[in-house]
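Working through the structure, step by step
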Amino acid sequence: MADTADLWELTGRNVFDGTTTAVQVHPATGQGDWISIRPTNGDALRRFLRPARPGLIIGADDHDASGTRLYVIDSATVRSLTATLPDDEMAVKVPRAYELTELTYAIIWSLRQWDAGLLADDHALAEQQAALNTYLTLTRSAASPMARPALTSASVNWMGSNFCARYIRGHLTEGAAPTAFWTREQTGEQASSWLFFRHKVQYVKDMSAPRVFVVPETEVARSGCYERILLFLAVALMERHGVRVAMTAHSELSEVDGFALVPGDRAIVANWARTQSIWDVDTIRQRSYLRSCCDHLKDANDQSVMAGPDAESRLRALADYLRLDWAWLVHHCRELGESGVSGLIQPHCRHLTLAGVDEALRFVGARDPSL
(Lines give C-alpha, C1' and ligand atoms only; values in the text may rest on other atoms or scores of the structure.)
Protein backbone atom coordinates (compact mmCIF):
# COMPACT_ATOMS: atom_id res chain seq x y z
CA MET A 1 0.00 0.00 0.00
CA ALA A 2 1.45 3.36 -1.03
CA ASP A 3 2.63 5.84 1.60
CA THR A 4 3.93 8.31 -0.97
CA ALA A 5 1.83 10.99 -2.65
CA ASP A 6 0.48 10.37 -6.11
CA LEU A 7 -1.41 12.70 -8.45
CA TRP A 8 -4.95 11.96 -9.55
CA GLU A 9 -5.59 13.57 -12.93
CA LEU A 10 -9.08 14.99 -13.49
CA THR A 11 -9.85 15.87 -17.10
CA GLY A 12 -12.56 18.19 -18.39
CA ARG A 13 -14.60 18.29 -21.59
CA ASN A 14 -15.73 21.80 -22.57
CA VAL A 15 -15.90 23.85 -19.36
CA PHE A 16 -13.02 22.44 -17.32
CA ASP A 17 -9.37 22.76 -18.28
CA GLY A 18 -8.47 19.77 -16.12
CA THR A 19 -6.41 19.60 -12.94
CA THR A 20 -4.65 17.19 -10.62
CA THR A 21 -5.16 16.53 -6.95
CA ALA A 22 -2.68 14.92 -4.57
CA VAL A 23 -3.75 11.54 -3.17
CA GLN A 24 -2.31 9.06 -0.72
CA VAL A 25 -3.62 5.51 -0.33
CA HIS A 26 -3.78 3.61 2.97
CA PRO A 27 -5.31 0.30 4.06
CA ALA A 28 -8.86 0.35 5.43
CA THR A 29 -11.18 -2.06 7.21
CA GLY A 30 -14.92 -2.04 7.72
CA GLN A 31 -16.41 -1.39 11.17
CA GLY A 32 -20.20 -1.39 10.90
CA ASP A 33 -21.43 1.80 9.24
CA TRP A 34 -17.89 3.16 9.15
CA ILE A 35 -14.58 2.44 7.50
CA SER A 36 -11.39 2.80 9.49
CA ILE A 37 -8.35 4.05 7.58
CA ARG A 38 -5.20 3.20 9.51
CA PRO A 39 -1.92 4.28 7.87
CA THR A 40 0.98 1.86 7.97
CA ASN A 41 3.27 4.86 8.37
CA GLY A 42 1.87 7.73 10.44
CA ASP A 43 4.84 9.97 9.65
CA ALA A 44 4.26 9.56 5.90
CA LEU A 45 0.65 10.64 6.37
CA ARG A 46 1.69 13.72 8.35
CA ARG A 47 4.17 14.70 5.62
CA PHE A 48 1.38 14.37 3.05
CA LEU A 49 -1.02 16.48 5.12
CA ARG A 50 1.41 19.27 5.93
CA PRO A 51 1.57 21.17 2.59
CA ALA A 52 -1.10 23.83 2.05
CA ARG A 53 -2.67 22.16 -0.97
CA PRO A 54 -5.91 20.35 -1.77
CA GLY A 55 -5.56 16.61 -1.36
CA LEU A 56 -7.44 13.39 -0.78
CA ILE A 57 -6.82 10.35 1.40
CA ILE A 58 -8.05 7.08 -0.06
CA GLY A 59 -8.74 4.03 2.07
CA ALA A 60 -8.52 0.68 0.27
CA ASP A 61 -10.53 -2.14 1.83
CA ASP A 62 -9.32 -5.50 0.50
CA HIS A 63 -11.56 -7.57 2.77
CA ASP A 64 -14.74 -7.43 0.68
CA ALA A 65 -15.60 -10.59 -1.25
CA SER A 66 -16.51 -8.51 -4.31
CA GLY A 67 -13.02 -7.00 -4.50
CA THR A 68 -11.18 -3.90 -3.30
CA ARG A 69 -13.44 -0.99 -2.32
CA LEU A 70 -12.10 2.55 -2.16
CA TYR A 71 -13.20 5.27 0.28
CA VAL A 72 -12.30 8.95 -0.06
CA ILE A 73 -11.90 11.73 2.48
CA ASP A 74 -10.55 15.27 2.10
CA SER A 75 -7.04 15.80 3.45
CA ALA A 76 -8.22 18.89 5.35
CA THR A 77 -10.70 16.72 7.23
CA VAL A 78 -8.00 14.17 8.03
CA ARG A 79 -5.67 16.93 9.16
CA SER A 80 -8.19 18.15 11.74
CA LEU A 81 -9.04 14.62 12.94
CA THR A 82 -5.43 13.54 13.46
CA ALA A 83 -3.82 16.76 14.69
CA THR A 84 -3.50 15.62 18.32
CA LEU A 85 -2.98 11.88 17.75
CA PRO A 86 0.41 10.18 18.14
CA ASP A 87 1.76 8.47 15.02
CA ASP A 88 1.08 4.94 16.31
CA GLU A 89 -2.60 5.72 17.02
CA MET A 90 -3.49 7.54 13.82
CA ALA A 91 -6.74 6.19 12.42
CA VAL A 92 -9.54 7.94 10.58
CA LYS A 93 -13.19 6.91 10.59
CA VAL A 94 -14.87 7.41 7.21
CA PRO A 95 -18.61 6.99 6.53
CA ARG A 96 -19.37 4.13 4.13
CA ALA A 97 -21.18 6.78 2.08
CA TYR A 98 -17.75 8.09 1.05
CA GLU A 99 -17.10 5.01 -1.06
CA LEU A 100 -15.79 5.95 -4.49
CA THR A 101 -18.82 5.49 -6.74
CA GLU A 102 -20.14 7.29 -9.81
CA LEU A 103 -21.90 9.68 -7.40
CA THR A 104 -18.92 10.60 -5.22
CA TYR A 105 -16.64 10.74 -8.25
CA ALA A 106 -19.07 13.17 -9.93
CA ILE A 107 -18.83 15.53 -6.97
CA ILE A 108 -15.04 15.26 -6.67
CA TRP A 109 -14.52 15.60 -10.43
CA SER A 110 -16.58 18.78 -10.76
CA LEU A 111 -15.90 20.58 -7.50
CA ARG A 112 -12.14 20.09 -7.60
CA GLN A 113 -11.97 21.51 -11.13
CA TRP A 114 -14.19 24.52 -10.37
CA ASP A 115 -12.08 25.13 -7.28
CA ALA A 116 -8.71 24.92 -9.05
CA GLY A 117 -9.79 27.10 -11.95
CA LEU A 118 -11.31 29.83 -9.80
CA LEU A 119 -8.47 29.89 -7.28
CA ALA A 120 -5.99 30.36 -10.11
CA ASP A 121 -7.73 33.64 -11.01
CA ASP A 122 -8.91 34.83 -7.62
CA HIS A 123 -7.04 38.14 -7.72
CA ALA A 124 -7.94 38.86 -11.36
CA LEU A 125 -11.64 38.15 -10.74
CA ALA A 126 -11.71 40.42 -7.70
CA GLU A 127 -10.06 43.27 -9.62
CA GLN A 128 -12.53 43.04 -12.49
CA GLN A 129 -15.75 43.10 -10.48
CA ALA A 130 -15.85 46.89 -10.20
CA ALA A 131 -15.44 47.27 -13.96
CA LEU A 132 -18.33 44.91 -14.57
CA ASN A 133 -20.73 47.23 -12.73
CA THR A 134 -20.57 49.60 -15.71
CA TYR A 135 -21.81 46.89 -18.07
CA LEU A 136 -24.72 46.08 -15.75
CA THR A 137 -26.25 49.51 -16.41
CA LEU A 138 -26.40 48.86 -20.16
CA THR A 139 -29.48 47.39 -21.83
CA ARG A 140 -27.32 45.25 -24.09
CA SER A 141 -23.74 44.04 -23.77
CA ALA A 142 -21.43 41.19 -24.70
CA ALA A 143 -17.88 40.38 -23.68
CA SER A 144 -15.40 38.44 -25.75
CA PRO A 145 -13.15 35.88 -24.02
CA MET A 146 -10.25 37.47 -25.92
CA ALA A 147 -10.62 40.51 -23.66
CA ARG A 148 -9.48 38.29 -20.77
CA PRO A 149 -7.30 35.63 -22.43
CA ALA A 150 -5.40 34.71 -19.29
CA LEU A 151 -8.44 33.43 -17.37
CA THR A 152 -9.13 29.72 -16.96
CA SER A 153 -12.25 28.27 -18.54
CA ALA A 154 -13.74 27.81 -15.06
CA SER A 155 -13.26 31.51 -14.33
CA VAL A 156 -14.73 32.59 -17.66
CA ASN A 157 -17.81 30.47 -16.99
CA TRP A 158 -18.16 31.73 -13.43
CA MET A 159 -17.83 35.34 -14.61
CA GLY A 160 -20.44 34.86 -17.32
CA SER A 161 -22.86 33.09 -15.00
CA ASN A 162 -22.43 35.67 -12.26
CA PHE A 163 -22.88 38.59 -14.67
CA CYS A 164 -26.03 37.08 -16.20
CA ALA A 165 -27.58 36.48 -12.78
CA ARG A 166 -26.84 40.07 -11.74
CA TYR A 167 -28.12 41.42 -15.06
CA ILE A 168 -31.44 39.57 -14.76
CA ARG A 169 -31.94 40.77 -11.20
CA GLY A 170 -31.04 44.34 -12.15
CA HIS A 171 -33.41 44.48 -15.13
CA LEU A 172 -36.48 43.23 -13.31
CA THR A 173 -38.52 46.20 -12.21
CA GLU A 174 -40.63 45.96 -9.06
CA GLY A 175 -43.62 43.69 -9.61
CA ALA A 176 -42.24 42.27 -12.90
CA ALA A 177 -41.41 38.72 -11.88
CA PRO A 178 -40.45 36.19 -14.58
CA THR A 179 -42.98 33.44 -15.21
CA ALA A 180 -40.44 31.12 -16.84
CA PHE A 181 -36.74 30.66 -17.55
CA TRP A 182 -35.01 29.09 -20.53
CA THR A 183 -31.71 27.50 -19.57
CA ARG A 184 -28.83 26.62 -21.90
CA GLU A 185 -26.85 24.12 -19.81
CA GLN A 186 -26.89 20.70 -21.48
CA THR A 187 -24.24 18.66 -19.67
CA GLY A 188 -23.38 17.78 -16.12
CA GLU A 189 -20.14 19.72 -16.54
CA GLN A 190 -22.13 22.89 -17.26
CA ALA A 191 -25.04 22.18 -14.88
CA SER A 192 -22.78 21.46 -11.89
CA SER A 193 -22.47 25.25 -11.56
CA TRP A 194 -26.01 25.19 -10.10
CA LEU A 195 -24.79 22.90 -7.33
CA PHE A 196 -21.60 24.75 -6.37
CA PHE A 197 -21.66 28.42 -7.44
CA ARG A 198 -22.73 30.43 -4.40
CA HIS A 199 -24.64 32.98 -6.49
CA LYS A 200 -26.52 30.28 -8.42
CA VAL A 201 -27.59 28.37 -5.32
CA GLN A 202 -29.06 31.61 -3.97
CA TYR A 203 -30.60 32.36 -7.36
CA VAL A 204 -32.51 29.07 -7.30
CA LYS A 205 -33.94 29.96 -3.89
CA ASP A 206 -34.98 33.44 -4.99
CA MET A 207 -36.35 32.68 -8.47
CA SER A 208 -38.98 29.94 -8.29
CA ALA A 209 -40.48 30.29 -11.79
CA PRO A 210 -40.53 27.14 -13.98
CA ARG A 211 -37.39 26.36 -15.93
CA VAL A 212 -36.69 24.61 -19.23
CA PHE A 213 -33.62 22.60 -20.24
CA VAL A 214 -32.80 21.32 -23.72
CA VAL A 215 -30.77 18.10 -23.54
CA PRO A 216 -30.72 16.11 -26.80
CA GLU A 217 -30.34 12.32 -26.67
CA THR A 218 -26.99 12.64 -28.42
CA GLU A 219 -25.68 14.64 -25.46
CA VAL A 220 -26.94 12.03 -23.02
CA ALA A 221 -25.24 9.30 -25.03
CA ARG A 222 -21.84 11.01 -25.05
CA SER A 223 -21.89 11.87 -21.32
CA GLY A 224 -20.46 9.52 -18.70
CA CYS A 225 -22.70 8.29 -15.89
CA TYR A 226 -21.03 10.59 -13.37
CA GLU A 227 -21.74 13.62 -15.56
CA ARG A 228 -25.39 12.64 -16.05
CA ILE A 229 -25.67 12.39 -12.26
CA LEU A 230 -24.53 16.02 -11.94
CA LEU A 231 -27.23 17.15 -14.38
CA PHE A 232 -29.81 15.14 -12.45
CA LEU A 233 -28.76 16.67 -9.12
CA ALA A 234 -28.90 20.21 -10.54
CA VAL A 235 -32.50 19.62 -11.62
CA ALA A 236 -33.28 18.01 -8.25
CA LEU A 237 -32.02 21.13 -6.45
CA MET A 238 -34.44 23.26 -8.47
CA GLU A 239 -37.35 20.93 -7.77
CA ARG A 240 -36.39 21.03 -4.08
CA HIS A 241 -37.05 24.79 -4.10
CA GLY A 242 -40.36 24.58 -5.92
CA VAL A 243 -38.99 25.19 -9.41
CA ARG A 244 -40.93 22.99 -11.84
CA VAL A 245 -38.48 21.77 -14.45
CA ALA A 246 -39.22 20.63 -18.01
CA MET A 247 -36.62 19.05 -20.25
CA THR A 248 -36.94 18.55 -23.97
CA ALA A 249 -34.79 16.29 -26.10
CA HIS A 250 -35.47 18.17 -29.34
CA SER A 251 -32.12 19.39 -30.59
CA GLU A 252 -33.65 22.08 -32.84
CA LEU A 253 -34.32 24.08 -29.68
CA SER A 254 -30.69 23.89 -28.55
CA GLU A 255 -29.70 27.26 -29.95
CA VAL A 256 -32.56 29.23 -28.38
CA ASP A 257 -31.07 32.01 -26.24
CA GLY A 258 -31.36 31.74 -22.51
CA PHE A 259 -34.04 34.09 -21.22
CA ALA A 260 -36.26 35.14 -18.33
CA LEU A 261 -39.75 35.92 -19.61
CA VAL A 262 -42.13 38.53 -18.23
CA PRO A 263 -45.13 37.94 -20.54
CA GLY A 264 -46.44 40.95 -22.39
CA ASP A 265 -43.59 43.08 -21.08
CA ARG A 266 -40.05 41.87 -21.77
CA ALA A 267 -37.68 38.98 -22.29
CA ILE A 268 -34.40 39.36 -20.47
CA VAL A 269 -31.89 37.49 -22.61
CA ALA A 270 -28.84 36.24 -20.75
CA ASN A 271 -26.37 33.77 -22.27
CA TRP A 272 -23.15 32.41 -20.82
CA ALA A 273 -23.31 28.65 -21.47
CA ARG A 274 -22.40 27.36 -24.93
CA THR A 275 -21.69 30.80 -26.36
CA GLN A 276 -18.71 32.49 -28.00
CA SER A 277 -18.91 35.30 -25.44
CA ILE A 278 -18.28 35.43 -21.71
CA TRP A 279 -21.80 36.81 -21.58
CA ASP A 280 -24.34 38.11 -24.07
CA VAL A 281 -27.29 39.97 -22.56
CA ASP A 282 -30.17 42.08 -23.81
CA THR A 283 -33.64 43.23 -22.79
CA ILE A 284 -36.16 42.80 -25.61
CA ARG A 285 -39.73 44.12 -25.68
CA GLN A 286 -40.70 43.36 -29.29
CA ARG A 287 -44.01 41.51 -29.30
CA SER A 288 -42.89 39.11 -32.02
CA TYR A 289 -39.91 38.08 -29.91
CA LEU A 290 -42.07 37.64 -26.80
CA ARG A 291 -44.46 35.44 -28.79
CA SER A 292 -41.55 33.28 -29.99
CA CYS A 293 -40.42 32.84 -26.38
CA CYS A 294 -43.92 31.74 -25.40
CA ASP A 295 -43.99 29.31 -28.34
CA HIS A 296 -40.64 27.81 -27.37
CA LEU A 297 -41.80 27.34 -23.79
CA LYS A 298 -45.03 25.66 -24.91
CA ASP A 299 -43.20 23.33 -27.28
CA ALA A 300 -40.65 22.37 -24.64
CA ASN A 301 -43.29 21.70 -22.00
CA ASP A 302 -45.45 19.70 -24.41
CA GLN A 303 -42.43 17.57 -25.36
CA SER A 304 -40.89 17.29 -21.89
CA VAL A 305 -39.22 14.01 -20.94
CA MET A 306 -40.05 14.92 -17.32
CA ALA A 307 -43.82 14.59 -17.42
CA GLY A 308 -45.44 14.20 -14.02
CA PRO A 309 -47.71 15.94 -11.50
CA ASP A 310 -45.11 16.16 -8.72
CA ALA A 311 -41.37 16.45 -8.18
CA GLU A 312 -40.82 12.74 -7.53
CA SER A 313 -42.55 11.58 -10.68
CA ARG A 314 -40.66 14.16 -12.74
CA LEU A 315 -37.33 13.11 -11.23
CA ARG A 316 -38.11 9.44 -11.85
CA ALA A 317 -38.79 10.25 -15.49
CA LEU A 318 -35.57 12.28 -15.68
CA ALA A 319 -33.52 9.42 -14.20
CA ASP A 320 -34.97 7.12 -16.85
CA TYR A 321 -34.12 9.56 -19.65
CA LEU A 322 -30.59 10.02 -18.34
CA ARG A 323 -30.14 6.24 -18.05
CA LEU A 324 -29.65 6.31 -14.29
CA ASP A 325 -30.72 3.55 -11.92
CA TRP A 326 -33.41 5.19 -9.77
CA ALA A 327 -33.19 2.83 -6.79
CA TRP A 328 -29.39 2.98 -6.74
CA LEU A 329 -29.43 6.76 -7.03
CA VAL A 330 -31.93 7.29 -4.20
CA HIS A 331 -30.06 4.90 -1.92
CA HIS A 332 -26.65 6.49 -2.43
CA CYS A 333 -28.00 10.06 -2.30
CA ARG A 334 -29.66 9.22 1.01
CA GLU A 335 -26.44 7.85 2.49
CA LEU A 336 -24.28 10.70 1.26
CA GLY A 337 -26.90 13.32 2.18
CA GLU A 338 -27.00 12.02 5.75
CA SER A 339 -23.21 12.16 6.05
CA GLY A 340 -22.80 15.49 4.24
CA VAL A 341 -20.26 16.24 1.53
CA SER A 342 -17.91 18.42 3.59
CA GLY A 343 -15.88 15.46 4.85
CA LEU A 344 -15.58 13.97 1.38
CA ILE A 345 -14.27 17.13 -0.25
CA GLN A 346 -14.10 20.81 0.66
CA PRO A 347 -14.00 23.89 -1.59
CA HIS A 348 -11.27 26.45 -1.01
CA CYS A 349 -12.63 29.22 -3.24
CA ARG A 350 -15.00 31.76 -1.66
CA HIS A 351 -17.28 31.66 -4.71
CA LEU A 352 -18.17 28.01 -4.09
CA THR A 353 -20.45 26.33 -1.57
CA LEU A 354 -21.56 22.81 -0.66
CA ALA A 355 -25.04 23.92 0.41
CA GLY A 356 -26.59 23.22 -2.99
CA VAL A 357 -25.26 19.71 -3.48
CA ASP A 358 -26.11 18.75 0.12
CA GLU A 359 -29.70 19.95 -0.38
CA ALA A 360 -30.03 18.08 -3.66
CA LEU A 361 -28.70 14.85 -2.13
CA ARG A 362 -31.06 15.01 0.82
CA PHE A 363 -34.03 15.82 -1.42
CA VAL A 364 -33.36 12.86 -3.74
CA GLY A 365 -32.57 10.62 -0.77
CA ALA A 366 -36.00 11.32 0.71
CA ARG A 367 -37.75 9.90 -2.38
CA ASP A 368 -39.23 6.38 -2.56
CA PRO A 369 -36.56 4.10 -4.09
CA SER A 370 -39.01 1.39 -5.15
CA LEU A 371 -39.65 1.03 -8.87
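Before any of the text, the structure's been laid out above.
Everything in this summary refers to the structure shown in the same document. (Residues numbered from 1 in each chain as written. Predicted model: local features only at pLDDT ≥ 70, side-chain atom pairs only at ≥ 80, totals over all residues. Heavy atoms only, no water.)

Residues R211 and F213 of strand β9 (residues 211-214) are buried on one face, and the alternating residues V212 and V214, pointing to the opposite face, are buried as well. Inspection of the sheet shows β9 paired to strand β10 (residues 245-248) by 4 bridges, in the parallel sense. The partner of V212 across the bridge, within β10, is A246. (Buried < 20%, exposed > 50% of the residue type's maximum accessible area, 1.4 Å probe, protein only. Helix = DSSP H or I, 4+ residues; strand = E, 2+ residues; numbered from the N terminus. Pairing = 2+ DSSP bridges.)

Per the stated rule, a full pass over the model turns up 2 cavities of 30 Å³ or more. The space that makes up the largest cavity amounts to roughly 220 Å³. Taken together, 19 residues line the largest cavity, and the ones lying closest to its centre are I168, W194, R211, A270 and W272. Secondary-structure elements contributing two or more residues to the lining of the largest cavity are α5 (153-170), β8 (180-183), α8 (198-206) and β12 (266-271). Per-element tally for the lining of the largest cavity: the top contributor is α5, with 4 residues. Of all the secondary structure elements, the ones that give two or more residues to the lining of the second largest cavity are α9 (217-222) and α10 (225-240). The element contributing the most residues to the lining of the second largest cavity is α10, with 3 residues. Taken together, the residues of the lining of the second largest cavity break down into 4 nonpolar, 4 polar and 3 charged. (1 Å grid on protein atoms, 1.4 Å probe; cavity = no way out; pocket = protein on both sides within 12 Å on 5 of 7 lines; lining within 4 Å. Points joined across faces, edges and corners; volume = space filled by probe spheres on them. Nonpolar A, V, L, I, M, F, W, Y, C, P; charged D, E, K, R; others polar.)

Let us now look at the packing of aromatic side chains. Following the criterion strictly, the structure yields 13 aromatic pairs and no others. Taking 4.8 Å as the distance between ring centres and 85 degrees as the angle between the ring planes, the aromatic pair formed by F16 and W114 counts as edge-to-face. Separated by 98 residues along the polypeptide, F16 in the loop between β1 (6-10) and β2 (19-31) and W114 in helix α3 (residues 102-120) bring together distant segments of the chain. For the ring pair Y135 and W279, a centre distance of 5.5 Å and an interplane angle of 70 degrees mean the geometry is edge-to-face. With a gap of 144 residues between them, Y135 in helix α4 (residues 122-136) and W279 in strand β13 (residues 279-284) connect regions that are remote in the sequence. For Y135, a relative accessible area of 32% puts it in the partly exposed group. Clustering of aromatic rings is evident, with ring pairs tying together W8, F16, Y105, W109, W114, F197 and Y226. Against the face of W34 rests K93, its NZ or CZ located 4.8 Å from the ring centre. (Phe/Tyr/Trp six-rings, centres within 6.5 Å; stacked < 30°, edge-to-face > 60°. Lys NZ or Arg CZ within 6 Å of the ring centre and 35° of its normal.)

Take the nonpolar core next. Core analysis: the largest hydrophobic core is formed by 109 residues, its most contacted members being I107, F232, L233 and M247. W182, A267, L297 and A300 belong to the second-largest nonpolar core, a separate cluster that totals 14 residues. (Core = buried A, V, L, I, M, F, W, Y, C linked by side-chain atoms within 4.5 Å.)

Strands in a sheet are paired, the pairing made by backbone hydrogen bonds, and the direction either parallel or antiparallel. The sheet built from 7 strands is open, its strands ordered β7-β13-β12-β11-β8-β9-β10 with mixed pairing. Each edge of the sheet is formed by a strand with only one pairing partner; in this case those strands are β7 (141-143) and β10. Direction aside, neighbouring strands of the sheet carry axes that sit 15 degrees apart on average. With 3 bridges connecting them, β8 and β9 associate as parallel partners. Note that in β9 the partner of F181 across the bridge is R211. (Axes fitted to C-alpha atoms, helices over the stretch in contact; angles between N-to-C directions.)

Attention shifts here to the packing of α3 against α5. Look at α3 against α5: their axes get within 7 Å of each other, and the N-to-C directions meet at 90 degrees. Regarding the angle of α3 to α5, the classification is roughly perpendicular. Contacts from Q113, W114, G117 and L118 of α3 reach α5 at A154, S155, N157 and W158. (Parallel < 35°, antiparallel > 145°, perpendicular 65-115°, else oblique. Contact = heavy atoms within 4.5 Å.)

What follows concerns helix α12 (residues 311-321). Here α12 has its buried residues at A311, E312, R314, L315, L318, A319 and Y321. Here the buried face of α12 lies against α9, α10, β10, α13 (326-339) and α14 (355-365). Where α12 begins, the side chain of D310 points an oxygen toward the backbone nitrogen of E312, at a separation of 3.3 Å. (Polar contact = N/O pair within 3.5 Å; in protein donor to acceptor, adjacent residues only side chain to side chain.)

Moving on to the side chain of N157. As for its position among the elements, N157 is in helix α5. Residue class for N157 comes out buried when judged on its relative accessible area of 13%.

This structure, assessed with the given rule, holds 20 salt bridges. R222 is paired through a salt bridge with E219; the nearest N and O atoms lie 3.0 Å apart. Of this pair, R222 and E219 are both found in helix α9, 3 residues apart, which corresponds to roughly one turn of the helix. The exposure class of E219 is buried, given its relative accessible area of 10%. E312 is the salt-bridge partner of R316, the closest N and O atoms lying 3.5 Å from each other. Here R316 pairs with E312, and both are found in helix α12, just 4 residues apart, close to one helical turn. Each member of the salt-bridge network shares a partner with another, and the members are R13, E219, R222 and E227. (Salt bridge = Lys/Arg side-chain N within 4 Å of Asp/Glu carboxyl O.)

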